[in-house]
Amino acid sequence: MPILKNISKYLDGHVTFGAPRHDGVSSSRAKRGDPGILKALPLAIFLCLINVLHAQTYPVNKLLLETYGVHDLAEKPAFQGGYINFGYWKNIPLGKTITTEERIKASQALYELVFEHLNIQKEDSIVEVGCGRGNGCVALAEKYHPVSVTGVDIIPQQINRAKRIHKKSIKRHAPSLSFQTGSSSSLPFPDNSQTKVFSVEAAQCFPSMKDFAGEAWRVLQPGGRLVVTAHFATSEEGYQALRKLIPTVDQGVDLLIPIEQVRSAFQKVGFKEVSFQAIGGDVFDGLQKWRLNVQDVKWAENYFVSYKKGFLDYYLIILEK
Ligand SMILES: C[S@@+](CC[C@H](N)C(=O)[O-])C[C@H]1O[C@@H](n2cnc3c(N)ncnc32)[C@H](O)[C@@H]1O
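Residues numbered from 1 in each chain as written. Predicted model: local features only at pLDDT ≥ 70, side-chain atom pairs only at ≥ 80, totals over all residues. Heavy atoms only, no water.

Draft legend 1. Representation of the overall build of the protein in the model. The secondary structure content of the protein amounts to 14 helices and nine strands. Counting the 321 residues in the protein, one finds 51% classified as buried. Of the roughly 15,400 Å² that the protein leaves accessible, carbon and sulfur atoms contribute 55%. (Helix = DSSP H or I, 4+ residues; strand = E, 2+ residues; numbered from the N terminus. Buried < 20%, exposed > 50% of the residue type's maximum accessible area, 1.4 Å probe, protein only. Areas by Shrake-Rupley, 256 points an atom, 1.4 Å probe, with all protein chains shown as cover.)

In structure tokens form, the structure reads like this:
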């Protein structure tokens, strides 16, 4: 059926929000020649086409889809406790072997740092962009009980995992805690609907900082706050060096664009800078120490070296609309 083939080709490498992907049961029945199914097939194809045309589709880098979708990075030794971030190690002693509990604490501490700067109030409607398995959103809901917290991630598998793993928390906080597939370039919320937006170690992957800045601005109410923490190149020269040191830069996963490009994307849409800090000293030394604990995390060495050479840093960016 060429038309079906074309539909699936179109979806390949794209994530479609709102359109059902396919129905394996009906297609295998159709193969066996079930006459009822065959009669309904033209209508099904028509409906499928309408759905595809009306759904929003976004290109997703195939390696990103593989990294966070097919493979669950949170299961890898570098990451623990369902978090996928380098961690904030400021209050964790690095002079001895790091325990798994301390590794998890470091990831939680990165979120806590962001929460602290969000000034969270009970009346807040909050969105996390690039929520991964959703641990951060759950921690926020448990501690602050805002009106709403919605975790958004471009990879549908991540959202399915978040919904499955946190089923009880979602029920307990209903309807305040939820997870939704969506992209940094197109957030699934109306204009001026949120009081806070944040992102933890995801913005380094965003394909367009200009689009993300525009979307964060659009969904935030006037006076709303945006807090972003992630790693970026320290300069254009740093970026060129990172392209050689970290293969995922040119592969389109960790884009690590120069920090000045990030800064100007937010400035251009009108964000007021509350603070802009490099916090790499409290990130990369701890990650490196952990890497030496779990010997198989070879890739993390490149991030450490890049930081030490001054090509890469970790940033905490606090902005207001
Ligand atoms: C390194 S993980 C961090 C996950 C989580 N914030 C944490 O700290 O555990 C990055 C996440 O961002 C998501 N992501 C990457 N690009 C995105 C985009 N353009 N829009 C929304 N999410 C994106 C990935 O699917 C992944 O789940």
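Now that the structure is up, let's keep going.
Draft legend 2. Representation of the site of the ligand in the model. The environment of the ligand is made up of 23 residues, and the closest members are Ile84, Tyr111, Gly130, Asp153 and Val200. At 2.9 Å from a nitrogen atom of the ligand is found a side-chain nitrogen or oxygen belonging to serine 184. Coverage of the ligand by the protein amounts to 99% of the 590 Å² it exposes when considered alone. Its residues placed into classes, the shell around the ligand shows 13 nonpolar, seven polar and three charged. (Near = heavy atom within 4 Å. Polar contact = N/O pair within 3.5 Å; in protein donor to acceptor, adjacent residues only side chain to side chain. Nonpolar A, V, L, I, M, F, W, Y, C, P; charged D, E, K, R; others polar.)

Draft legend 3. Structural context of the sheet that holds strand β9 (residues 312-320). The mixed open sheet is built from seven strands, whose spatial order is β5-β4-β3-β6-β7-β9-β8. The open sheet terminates on both sides in strands that have one partner only, identified here as β5 (177-181) and β8 (272-278). Adjacent strand axes in the sheet meet at a mean angle of 15°, parallel and antiparallel pairs treated alike. (Pairing = 2+ DSSP bridges. Axes fitted to C-alpha atoms, helices over the stretch in contact; angles between N-to-C directions.)

Draft legend 4. Structural context of helix α6 (residues 135-144). Regarding α6, the residues found buried are Asn135, Gly136, Cys137, Val138, Leu140 and Ala141. On its buried face, α6 sits against α5 (100-118), β3 (125-129), β4 (148-153), α8 (167-172), β5 and β6 (194-200). At the C-terminal side of α6, histidine 145 shows a positive phi close to 45°. (Contact = heavy atoms within 4.5 Å.)

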